[in-house]
Amino acid sequence: MSIVQILHVIIRYISPGEMEETKVATVCDNKNDGWAVIVITCATPKLCEFMNKACGYLKAHNLLPPHELLLVITDPHHEVDEHCKGVGSGGATINALLIAIENMSAQQGFTTISPDLIYTGRILLINHGREFAHCPGGTIMLPLDQKFHLGLGENTPCHPTLLQYVMHMATQISSKSSSGVWITTVDAFLLMEADMIAIDTSNVDGALILTVPVEVEQARLHGVVLSDEEKRVTCLEYRLGSDRLGELSKDGKVDVISGLVYLSPALSEKLVSFSAISPLDRCTYYGIDSGLNPLQISLYFDLLLPLSSQVTMEEYVEGKFVMEYNKVLGISKVDSGVTNARLQMWRILQGLSSRHESLSGCQYNYLGQSASFAPVMSAVLPTQSNHFYTEKLDNTVIVDSLLEGTIMPEGQHSKNYLINSWIGPKVILHSEGNVINGLYIQGFPVELHLGSDLLWQGYNYEESEIVTCYGISDHILVPYSNNRATVFNQSWEDFFTKTNLKPCYLWPSTTPELERNLYNAKLYEKCSNIVQQIRVLHNLASMQSPASKDWINTERVSLREVIGAHNLDVLLLCKDEIFTARLRELMSRTKDTVRGCSLQPYFIFACQSGNEACMNLLEALHDLLLSTTEEGPTLSTARLYAHISELLGCMAGPKGGLRSGPAANKEWTTALKYLEAGKMKEGVSAMLTILKRWLRSGKVQDIMRAARHYERAVQIMISQRVKTAETEVLMWKPKPQPLAKGIWVEATCPARLDLSGGWTDTPPICYEQGGAVLNIAIKINGVQPVGAKVRFVDQLSIHCTMKDWVESKTHLLWTSLEDIKDFDNPTSPGALIKAVLHYCKVVDVYADVSLEEQLSQRYGAGLEIETWSRLPQGSGLGTSSILAGGLVGAVATLLGYSPKPHHLIHSTLIVEQLLTTSGGWQDQVGGLLGGAKLGVSSQGSSLVVKSYNVPMDKQLLQDLNGRLLLLYTGKVRLARNLLQAVIRNWYAHDPTITHSFAQLRILAIKAATELLCRNLEGLGHCVGEYWTLKKMVATGCEPQQVTRLMAAMRSQIDGASLSGAGGGGYMYAIKSNSRVQFSQEQLEGQQVDKVEVDMDGLILRVGEEVVLKAGVTSVENLTPELLSRLREEAKNL
């Protein structure tokens, strides 16, 4: 590792000193939600240093539970005599409590320890103990199945780790405690898929020991809690015999110590006092700093046993119940100070009691160093790859890794696991039932055989890579002479016989007999060639040929040595590198897809990793843009621009301001014009240059402003795709003959009700996924509510009159081109009319010739235009788009063309792009065509809308009219801001949005089927489902008044919805039958309008003559066969 890399790691991760000073800025609404202090105890200084940095990593990614102070400490140990025993779990607890209260006191400004602080908040102690051999980096890197997320988030970029899980599990189960100390461990832990049930500790005066019922056979290896009928603990015993356990069992199960215990404030205060009492002070750093040797005591069999009601002082002091425990730990001679310590503890702890609480529904696991990898780990490892991997890989689970090469299973029954690894292109691994953790094989083609049922692990040892390997069933601490001992899942005897090796090759003569085990065996070469290491280890594991003399003579190290010298800083650095590489690959692979996992959590995670990760991703996204735009924009171009905008928004965070805002800064003008002109490569390069310049300012506001300009690029890409609809507008030929002055061309249109499928007509959804909308044209109070008329007049100007729903008139007079150039500003007066005039090329707004001259030269006349809508703004009935379509029809007719409804449906799409309102196609389909229609657009590079008439005879029409209810709520919508947010979420692969859009499309086809089958009840149910889906897309779109109205009508309607995609001012319902009447109380006094299906659609008149009545005959009828084909297309996508 280079000096630069080392400095990089040191800077990125918080040092131990800093960690002890750091307060996490997490505000809890309920003080019980967070911890006053979290203390993690470690057996060695090296593990402590790494744990500190790893916790800094977790903190940066918001993966720690809420807390005020986090401390990572080393258990007291002898600095000189490395063979001296430590302080045990009990001593570690006393020392951790002392340090916690000491730091809490210092935080309060006290100059001495104040034990009273134990009563003011809750403390979490995690006895981590020794390093964990079965995973490089230990428990903080050991992934669990995603089902054990416990509030960590099911869609987080990385799997939860064991340490994270233990922290969050303790946080949930302790949430009813306002004070006291909770103690847990990573050796023994509980797994539960659902949230843990909080335990009430208000009546605990001493300790509450949490237990878990297990089978008698499993209980033989663990500590057992004996209790009376009131759950008072009577005794704690370790490794009882099967007969005794059978006597204690209930329904074949026995309560064993779970590893989780609660200490009341009163008990905790007494434990803190032990630091000042000899010889208990030897359990704390006070004693060590006073020159004393550590004193080893147990949490359960020394600290908590005196609280048991049926244990006598003599039994306790003599250590009757701890003998078996000491035997397992290899303690043959008890320190003389322990007896004195027990006398002191017995005296001080009298008067306090302990209880136990049995937890059901938990999976109990013990992860001691002596345990083999299987079966414990196979039960907790992820069962599925990260959701990053959408394709199914045969018998391989990929966890927080990047697989660019190939893993070839050699059988069909055992899973391979790839964890925290990077396997490069052209690397082929033959593997069966192996766990591959921490391996980096990349940069060269190679084919390797890994055997079966082995644990392959990569470590950074003395600046080189060391690969270790052993069997998943091997007990690494069992002496090789023991019959239970194995190596590579085979007996040591077979291993020595088949490899021609001798014990002296693996263990120096000075190694004690009991320590001649797999953990200390010098099996692993100190070799820089990782491929050679793997091949040699595979040869040893397969035992098919003798070990080579070169291997016997080379310098080798043991698993213990490798773990002890593992460079853990590199581990964290590599974890981030893998994450960045995974995300780059994910962005490349999903750029053309409309489904898949959301990238937003990945972007947030990258931002938490630091600026370097973000810059790498920005560079990668721009590279992808350049590669996809070599021959012009593709469907993926807009999505990549959206990803950049999303990433910049995450980088800026809330301090950068809102994502929505202006995006026309002059610095970006040239770059954006490149995109508008189709010069993709130039546009990408220019935007990246400006972005780098703005990022150098270091201001989060500039980052957010840049995000808005990339979002503007998204809008340009969408606009270019929508403009492909122009190929369907065939009305501009032949050369026209404009009408004479004074002749009015009038267009009148119905409104529309969307019955199902709204949103799927919106670009880009309508061409990336494909859309389907069922709607009907409607008259309101007997009239078509939307219209426009135009004529040529003598005055060489453009005069507009706009009438609103209360007959208020707005007059506009445009005498220059400057008056109409702002057609792309939807808030400018008459913007829609300006956009229509620009689209229809009535005049050239960018010409050097004045407006007056152009009108004179082209027509010898000016224009008079009137528009009206008898519906309130924000009604949700599609009036703006319908008016645009009608006005285009009127203007085109005035100019001498012959527009058709199909032409106008597509031309309206382009007008709305010019207007920058980004509308879809369902409004004009609904309002320009009469009757009921199913509009459809297919997935593809061009936007083409097909409309199908749903035939209705007089009886069905009468029934539908009789069952329609329309009332005005007065709660208008803000469609533009809503649309912007929805499109962002679409490009971010938000699962709610993508799922809802897929369902909306299918629902529209289902609703059309119900109407075609004359099933109005089924149609009503579809309307109800439609409203449910719309609420999922547009969260918060249902006002409380509407909720009350729908609830009041529920028993008399088949379905109801607010009109429009986002929920407009009008609410409609399908009544259960035409006789249903609603009281004014039910309607809360709201206005009810007469509504009926309009069969005429757009009507164009020249003077008094009707030149076009769109009706229902201008489009193809919907048939069952056609519906079946559309249904299959939607389901297949």
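Everything quoted here is computed from the prediction, not taken from an experiment.

**Student:** What exactly am I supposed to notice about the overall build of the protein here?
**Tutor:** When helices and strands are counted, the protein shows 39 helices and 43 strands. In the protein, which comprises 1133 residues, the proportion classed as buried is 58%. Residue pairs in contact within the protein that sit at least 24 positions apart in sequence constitute 71% of those at least 6 positions apart. Just so you have it, the protein exposes about 45,300 Å², and 49% of that area is on carbon and sulfur atoms. Taking the 99 positively charged and 118 negatively charged side chains of the protein as two groups, their mean positions are separated by 6 Å.

**Student:** Help me understand helix 13 (residues 336-349) in this model?
**Tutor:** In an α-helix, one turn spans 3.6 residues; hence positions three or four apart end up facing the same way. Given a rise of 1.5 Å per residue, 14 residues ought to cover 20 Å, and the 21 Å separating the end C-alpha atoms of helix 13 matches this to within 8%. Phi turns positive, to about 100 degrees, at Gly 351, one or two residues after helix 13.

**Student:** How should the side chain of Asp 923 be read in this particular structure?
**Tutor:** In this structure, Asp 923 sits in helix 32 (residues 922-928). With a relative accessible area of 14%, Asp 923 lands in the buried category. Residues in contact with Asp 923, not counting those within four places in the same chain, are Arg 752, Gly 878, Ser 881 and Ile 882.

**Student:** Help me understand the sheet that holds strand 21 (residues 454-461), please; the structure alone is not making it clear to me.
**Tutor:** Across a sheet, strands are paired by hydrogen bonds formed along the backbone, either parallel or antiparallel in direction. The strand order 12-15-18-21-22 describes an open sheet built from five strands, whose pairing is mixed. Of all the strands in the sheet, the pair left with one neighbour each is strand 12 (396-399) and strand 22 (464-471). The mean angle between the axes of side-by-side strands here comes to 15 degrees, regardless of whether they run parallel or antiparallel. The pairing of strand 21 with strand 22 spans eight bridges and is antiparallel. Considered in strand 22, the bridge of Tyr 461 is made with Ser 464. Contacting strand 21 and strand 22, helix 17 (residues 530-542) runs over the sheet at an angle of about 15 degrees to strand 22.

**Student:** Even after reading the chapter, I still don't get the side chain of Gln 924, so can you show me in this structure?
**Tutor:** Locating Gln 924 in the fold gives a position in helix 32. Only 3.4 Å separates the side chain of Gln 924 from the backbone oxygen of Gly 920, close enough to count as a polar contact.

**Student:** Which parts of the structure should I look at to understand the sheet that holds strand 38 (residues 1066-1071)?
**Tutor:** Strand order in the open sheet made by the four strands is 37-38-36-39, with antiparallel pairing throughout. Lying at the two open borders of the sheet, with one neighbouring strand each, are strand 37 (1053-1058) and strand 39 (1087-1089). Direction aside, the axes of adjacent strands within the sheet are offset by 25 degrees on average. Examined bridge by bridge, strand 37 and strand 38 share five bridges and lie antiparallel to one another. Paired with Leu 1058 across the bridge in strand 38 is Met 1067. Across the sheet, helix 36 (residues 1016-1033) touches strand 37 and strand 38, and the angle it forms with strand 37 is around 35 degrees. Lying over the sheet, helix 37 (residues 1040-1049) contacts strand 36 (964-968), strand 37 and strand 38, oriented at roughly 170 degrees with respect to strand 37.

**Student:** Got a minute to help me understand empty space enclosed by the protein in this structure?
**Tutor:** Over the atoms a probe the size of a water molecule is rolled, and this reveals where empty space is left. As enumerated under the stated definition, the model contains eight cavities of 30 Å³ or more in all. Empty space within the second largest cavity amounts to approximately 120 Å³. The wall of the second largest cavity is formed by 16 residues, among which Glu 131, Gly 137, Gly 138, Ile 563 and Leu 568 lie closest to the centre. At three residues, helix 3 (residues 45-60) tops the list of elements feeding residues into the lining of the second largest cavity. Class assignment of the residues belonging to the lining of the second largest cavity gives a composition of 10 nonpolar, five polar and one charged.

**Student:** Teacher, can you tell me more about the state of the cysteines here?
**Tutor:** The bond known as a disulfide is covalent and runs between the sulfur atoms of two cysteines. The final tally for this structure, using the stated rule, is zero disulfides. Considering cysteine sulfurs only, Cys 48 is the nearest to Cys 42, which forms no disulfide, with 4.9 Å between them. A residue is classified by how much of its surface remains accessible, and Cys 42, at 0% relative accessible area, is buried. The closest cysteine sulfur to the non-disulfide-bonded Cys 55 is located on Cys 42, 8.1 Å from its own sulfur. With a relative accessible area of 0%, Cys 55 lands in the buried category.

**Student:** Honestly, the environment of Asn 529 in this entry has me stumped. Any pointers?
**Tutor:** Take Asn 529: it is sitting in the loop between strand 25 (522-525) and helix 17. You can call Asn 529 partly exposed: its relative accessible area is 36%. When the C-alpha atoms of Asn 529 and Glu 465 are compared, they prove to be 8.2 Å apart, with 64 residues separating the residues in sequence.

**Student:** Just to check I follow, could you spell out the nonpolar core for this structure?
**Tutor:** Soluble globular proteins tend to bury their nonpolar side chains together. In terms of nonpolar packing, the biggest core is built from 360 residues, with Phe 495 and Leu 648 touching the most fellow members. It is helix 26 (residues 700-722) that contributes the most residues to this core, 11 residues altogether. With near-sequence residues (within four places) excluded, Phe 495 lies in contact with Val 487, Phe 488, Leu 501, Leu 506, Leu 523, Leu 540 and Met 543. Leu 965, Val 1042, Ala 1056 and Phe 1078 belong to the second-largest nonpolar core, a separate cluster that totals 17 residues.

**Student:** Just checking my understanding: could you explain unusual backbone geometry for this structure?
**Tutor:** Peptide bonds are, in most cases, trans, and in most cases residues other than glycine have a negative phi. Cis geometry is found at the peptide bond from Ser 278 to Pro 279, where omega equals 0 degrees. Within the secondary structure, Pro 279 sits in the loop between helix 8 (265-273) and helix 9 (285-289). Phi is positive for Glu 807, close to 65 degrees, though the residue is something other than glycine. Here Glu 807 is to be found in the loop between strand 31 (798-803) and strand 32 (809-814). For Glu 807, a relative accessible area of 48% translates into the label partly exposed. Non-glycine residue Ser 918 carries a positive phi angle of around 55 degrees. By the secondary structure assignment, Ser 918 is in the loop between helix 31 (901-914) and helix 32.

Basis of the calculations
- Residues numbered from 1 in each chain as written.
- Predicted model: local features only at pLDDT ≥ 70, side-chain atom pairs only at ≥ 80, totals over all residues.
- Heavy atoms only, no water.
- Helix = DSSP H or I, 4+ residues; strand = E, 2+ residues; numbered from the N terminus.
- Buried < 20%, exposed > 50% of the residue type's maximum accessible area, 1.4 Å probe, protein only.
- Contact = heavy atoms within 4.5 Å.
- Areas by Shrake-Rupley, 256 points an atom, 1.4 Å probe, with all protein chains shown as cover.
- Lys, Arg positive; Asp, Glu negative; His and termini not counted.
- Charge placed at Lys NZ, Arg CZ, Asp CG, Glu CD.
- Expected span 1.5 Å × (residues − 1).
- Pairing = 2+ DSSP bridges.
- Axes fitted to C-alpha atoms, helices over the stretch in contact; angles between N-to-C directions.
- Polar contact = N/O pair within 3.5 Å; in protein donor to acceptor, adjacent residues only side chain to side chain.
- 1 Å grid on protein atoms, 1.4 Å probe; cavity = no way out; pocket = protein on both sides within 12 Å on 5 of 7 lines; lining within 4 Å.
- Points joined across faces, edges and corners; volume = space filled by probe spheres on them.
- Nonpolar A, V, L, I, M, F, W, Y, C, P; charged D, E, K, R; others polar.
- Disulfide = S-S within 2.5 Å.
- Core = buried A, V, L, I, M, F, W, Y, C linked by side-chain atoms within 4.5 Å.

Don't take any of this as a statement about function, it's just geometry.
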